[in-house]
Amino acid sequence: SLIAAAWDSGLRTGDLLRLRKSDLNRQPGGWASFRIQMQKTGFFVSGRMSVGTMKLVDAVIQEGSQEREIIWPLWGERPALY
C-alpha cells in the first residue's frame, strides 16, 4: 500500500509516513484527493490516489487500531525503507 501510494502521489517517504486518515478526501468514485504541507520544503502539495491504491490503504487501516490517525505507523526512531 505504501509503494502504491508513493507511485500515485509522488510524495517523499517522510511525507507518506506522516499521512493521516483525515488528510484523505474520499471521493464517490473510490479514489481520494489530498492537500498536505511537505515536511522537507514546507510547500503545500495536492494530489490524488487511485481506486486500487485506496483499496490497499483501506486494508492497512482496517488492520490497525481504529483510534490510530496515522495510516502507516512508525516503529523505532528513524524508519528506513529499502
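The preceding data block contains the structure.
For clarity, every value in this text was computed on a predicted model and none was experimentally measured. (Residues numbered from 1 in each chain as written. Predicted model: local features only at pLDDT ≥ 70, side-chain atom pairs only at ≥ 80, totals over all residues. Heavy atoms only, no water.)

Structural notes on the packing of aromatic side chains
Right, on to step 1. Inspection of every chain in the model, using the stated rule, returns zero aromatic pairs.
Right, on to step 2. Here Arg-48 stacks its cationic end above the ring of Trp-31, 3.9 Å away from the centre of that ring. (Phe/Tyr/Trp six-rings, centres within 6.5 Å; stacked < 30°, edge-to-face > 60°. Lys NZ or Arg CZ within 6 Å of the ring centre and 35° of its normal.)

Brief notes about the sheet that holds strand β2 (residues 32-37)
Right, on to step 1. Here we have three strands laid out as an open sheet, ordered β1-β2-β3, and antiparallel in their pairing. At either end of the open sheet lies a strand with only one pairing partner, and these are β1 (25-26) and β3 (44-49).
Right, on to step 2. Alignment of β2 against β3, held across six bridges, turns out to be antiparallel. Looking at the pairing, Ile-36 lines up with Val-45 of β3.
Right, on to step 3. Sheet strands touched by helix α1 (residues 2-9): β2 and β3. Its angle to β3, the strand with the most contacts, is close to 120°. (Pairing = 2+ DSSP bridges. Helix = DSSP H or I, 4+ residues; strand = E, 2+ residues; numbered from the N terminus. Contact = heavy atoms within 4.5 Å. Axes fitted to C-alpha atoms, helices over the stretch in contact; angles between N-to-C directions.)

Read these as geometric descriptors, not functional statements.
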